[in-house]
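Listed below are the residues making up each chain.
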Amino acid sequence: MRKIKLMELLEQPFKKPSPLQLIAQELADAHLELLTAETGVEYAQSIVDYNKTRITRLNSRLDMYKNYDAGQKK
């Protein structure tokens, strides 16, 4: 393993990154943004599914009470 000199360490933050380093960083950023977006989509889909199930349940309950109420009026 090669020893790193003090001057190299001090110069490191000021070196211009290579094109490959820039591409790798941008690719890593894109992967993170994709994961974040997919999480948002999953959350939004779960809210949609929840509300569809809720609407179905409430419509069923509404029909049940309408039928019950109609039977009471006879």
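Structural data are supplied above this passage.
Computed from a predicted structure; not experimentally measured.

Participant: Account for the overall build of the protein chain, with residues named and values stated.
Facilitator: For the protein chain, the count of helices and strands is 2 helices and 0 strands. Relative to the compact-globule value of 11 Å for 74 residues, the protein chain shows a C-alpha radius of gyration of 30 Å, a clear excess of over 25%. For the protein chain, the spread of C-alpha atoms along the principal axes amounts to about 95 × 20 × 20 Å. In the protein chain, which comprises 74 residues, the proportion classed as buried is 0%.

Participant: So what's going on with a nonpolar patch on the surface? Which residues, and what values?
Facilitator: On the surface, a cluster of nonpolar side chains totalling about 540 Å² of accessible area is made up of I4, L6, M7, L9 and L10. Structurally, the position occupied by L6 is in helix α1 (residues 6–11). Residue classification places L6 among the exposed positions, given a relative accessible area of 61%.

Participant: Describe the environment of R2, naming the residues involved and giving the relevant values.
Facilitator: Structurally, the position occupied by R2 is in the segment before α1. Looking at R2, the relative accessible area reads 59%, which means it is exposed. For the pair R2 and I23, spaced 21 residues apart in sequence, the C-alpha to C-alpha distance is 26 Å.

Participant: How would you summarise the environment of P19 if you had to cite specific residues and measurements?
Facilitator: Of note, P19 is situated in helix α2 (residues 19–72). According to the relative accessible area criterion, P19 is exposed, its value standing at 60%. In this structure, the C-alpha to C-alpha distance between P19 and I47, residues 28 residues apart in sequence, is 42 Å.

Reading the values: rules and limits
- Residues numbered from 1 in each chain as written.
- Predicted model: local features only at pLDDT ≥ 70, side-chain atom pairs only at ≥ 80, totals over all residues.
- Heavy atoms only, no water.
- Helix = DSSP H or I, 4+ residues; strand = E, 2+ residues; numbered from the N terminus.
- Rg over C-alpha atoms; globule rule 2.2 N^0.38 Å.
- Buried < 20%, exposed > 50% of the residue type's maximum accessible area, 1.4 Å probe, protein only.
- Patch = residues over 30% accessible without salt bridge, like charges linked within 9 Å, V, L, I, M, F, W, Y side chains within 5 Å.
- Areas by Shrake-Rupley, 256 points an atom, 1.4 Å probe, with all protein chains shown as cover.
- Salt bridge = Lys/Arg side-chain N within 4 Å of Asp/Glu carboxyl O.

Keep in mind that these numbers describe shape and distance, not what the molecule does.
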